[in-house]
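Report on the structure
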Amino acid sequence: MSKITLHYLDKSRAFRVLWLLEHLGLEYNVVPYVRENNRAPEELKKIHPLGRSPILEIKDEQTGKTKIVTESGYIFQYILENYDQEKILSLKDPEQAEQVQYYLHYAEGSLQPPLLMEYVYSLAAQSPGPFPLSYLVRGVLDKISGAYSRGEVKNQIDYLETEVSKNEGYFVGGQFSAADILLSFPLQMAFLRGFAQAKDYPHIKKWLESITSEKSYSAAKDSAAQYES
Ligand SMILES: N[C@@H](CCC(=O)N[C@@H](CS)C(=O)NCC(=O)O)C(=O)O
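Each value, and the rule that gives it
Residues numbered from 1 in each chain as written. Predicted model: local features only at pLDDT ≥ 70, side-chain atom pairs only at ≥ 80, totals over all residues. Heavy atoms only, no water. Pairing = 2+ DSSP bridges. Helix = DSSP H or I, 4+ residues; strand = E, 2+ residues; numbered from the N terminus. UniProt positions renumbered as here; feature names shortened; annotations may be inferred. Core = buried A, V, L, I, M, F, W, Y, C linked by side-chain atoms within 4.5 Å. Buried < 20%, exposed > 50% of the residue type's maximum accessible area, 1.4 Å probe, protein only. Domains from an automatic or database assignment. Contact = heavy atoms within 4.5 Å. Polar contact = N/O pair within 3.5 Å; in protein donor to acceptor, adjacent residues only side chain to side chain. Near = heavy atom within 4 Å. Areas by Shrake-Rupley, 256 points an atom, 1.4 Å probe, with all protein chains shown as cover. 1 Å grid on protein atoms, 1.4 Å probe; cavity = no way out; pocket = protein on both sides within 12 Å on 5 of 7 lines; lining within 4 Å. Sits in = over half its atoms within 2 Å of the grid points. Nonpolar A, V, L, I, M, F, W, Y, C, P; charged D, E, K, R; others polar. Expected span 1.5 Å × (residues − 1). Points joined across faces, edges and corners; volume = space filled by probe spheres on them. Phe/Tyr/Trp six-rings, centres within 6.5 Å; stacked < 30°, edge-to-face > 60°. Lys NZ or Arg CZ within 6 Å of the ring centre and 35° of its normal.

Looking at the pairing of strand 3 (residues 55-60)
Bridging between strand 1 (residues 2-9) and strand 3 involves six bridges; their strand directions are antiparallel. When the bridges of strand 3 are listed, His7 appears paired with Ile55. Both strand 3 and strand 4 (residues 66-70) contribute to a ladder of five bridges, which runs antiparallel. Directly across from Leu56, in strand 4, lies its bridge partner Val69. The hairpin formed by strand 3 and strand 4 contains five residues between the paired strands, and Gly64 there has a positive phi angle of roughly 80°.

Listed below in structure tokens is the structure:
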């Protein structure tokens, strides 16, 4: 038997891990952390030197050994390999299972970087200094965004819209899988932060409505409520 502890930073990717654990009906403990100036607090570095959340701590109760697992995609892979024997979220069909694996890499490897760039530019544009410097700064940020990340966000989300439309409303095999949970965060954030408009992506919009009506989503939301400020 092993004991699972999730190091959970408020308003973060850690919610997806909570959702994953709830959907698989696993027992877990949560250690909550609250952001300081929008960053993770220093104490998270005691768990892993990068101090980023999510972090999963797996303690083998027989040997007493503890394993630290980081990176959302790898955390998902680890949980699916070790705790999803029924292949509820990793999917039974081998080709579909491969496709789920692909999305575990894709979400942080390809989709997240241009979204993060847009987020950083939007933060910088919010405090650009006094006029006329603000005018110049906003203009430069807009140029940088236009040169790469704005178009790349559109490229990525257009691609995902086509994939959902081809796969009967989900990302893999017309059914709910770990890929849907992992892709929920960047796509929700893209719409929430205005980097893409939900009305332009009807299949993704419907997909979001559908996956967030899963019982495990509500259970994860209820669980997370106590850790969110
Ligand atoms: N690639 C990592 C990213 C982890 C990450 O950047 N987490 C954010 C929360 S969403 C964080 O800890 N931010 C706090 C900070 O950077 O100080 C993953 O997928 O787990």
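Things to note about the UniProt feature "domain: GST C-terminal" (unreviewed entry) in the protein
Those residues carrying the UniProt feature "domain: GST C-terminal" (unreviewed entry) are residues 93-229 in this numbering. Between the C-alpha atoms that bound residues 93-229 there is a distance of 41 Å. The span itself is 74% helix and 0% strand.

Some points on the nonpolar core
Ranked by size, the top nonpolar core spans 59 residues in total, and within it Ile79, Phe171 and Trp207 carry the most contacts. In terms of residue count, helix 6 (residues 178-192) provides more of this core than any other element does, eight residues in total. Residue-level mapping places this core at the junction of two domains, with at least three residues from each of domain 1 (2-85) and domain 2 (94-215). Once residues within four sequence positions are removed from consideration, Ile79 is found in contact with Ile4, Leu20, Leu21, Leu24, Leu26, Leu56 and Asp84.

Description of the environment of His23
Examined against the element boundaries, His23 turns out to sit in helix 1 (residues 14-23). With residues near it in sequence (within four places) discarded, His23 still touches Ile88, Leu89, Phe176, Glu214 and Ser216. In terms of polar contacts, His23 uses its side chain to reach the side chain of Ser216, at 2.6 Å.

Let's talk about the site of the ligand
In the vicinity of the ligand, the contacting residues are Leu9, Ser12, Arg13, Arg35, Arg39, Ala40, Arg52, Ser53, Pro54, Glu71, Ser72 and Glu108. Between the ligand and the protein, one listed contact pairs a nitrogen atom with a side-chain N or O atom of Glu71 at 2.7 Å. In the complex, 87% of the free accessible area of the ligand, which totals 510 Å², lies under the protein chains. The pocket occupied by the ligand, as judged from atoms lying within 2 Å of grid points, is the largest pocket. Split into classes, the residues belonging to the shell around the ligand amount to three nonpolar, three polar and six charged.

So, helix 2 (residues 72-83)
Spanning twelve residues, helix 2 covers 16 Å between terminal C-alpha atoms, matching the ideal 16 Å at 1.5 Å per step. Helix 2 sits mainly inside the fold: nine of its twelve residues count as buried. Turning to helix 2, its buried residues are Ser72, Gly73, Ile75, Phe76, Gln77, Tyr78, Ile79, Leu80 and Tyr83. Residues of helix 2 that are buried in the fold lie against strand 1, helix 1, strand 3, strand 4, helix 3 (94-126) and helix 6.

Digging into the layout of surface pockets
One number sums up the size of the largest pocket: a volume of about 1,100 Å³. In terms of lining, the largest pocket is formed by 34 residues, of which the most central are Arg13, Arg35, Arg39, Arg52 and Leu116. Among the elements of the structure, helix 3 and helix 6 are those that each provide at least two residues to the lining of the largest pocket. With eight residues, the single largest contributor to the lining of the largest pocket is helix 3. Grouping the amino acids of the lining of the largest pocket by side-chain chemistry returns 16 nonpolar, eight polar and ten charged. Size it by volume and the second largest pocket reaches roughly 290 Å³.

With respect to the packing of aromatic side chains
In this structure the tally under the stated criterion is 13 aromatic pairs. Among the aromatic residues, those joined into a cluster by ring pairs are Tyr102, Tyr103, Tyr106, Tyr159, Phe171 and Trp207. Stacked on the ring of Tyr119, the Lys or Arg Arg193 has its end atom at 3.8 Å from the ring centre. Note that Lys221 overlies the ring of Phe15, its terminal NZ or CZ placed 4.9 Å from the centroid.

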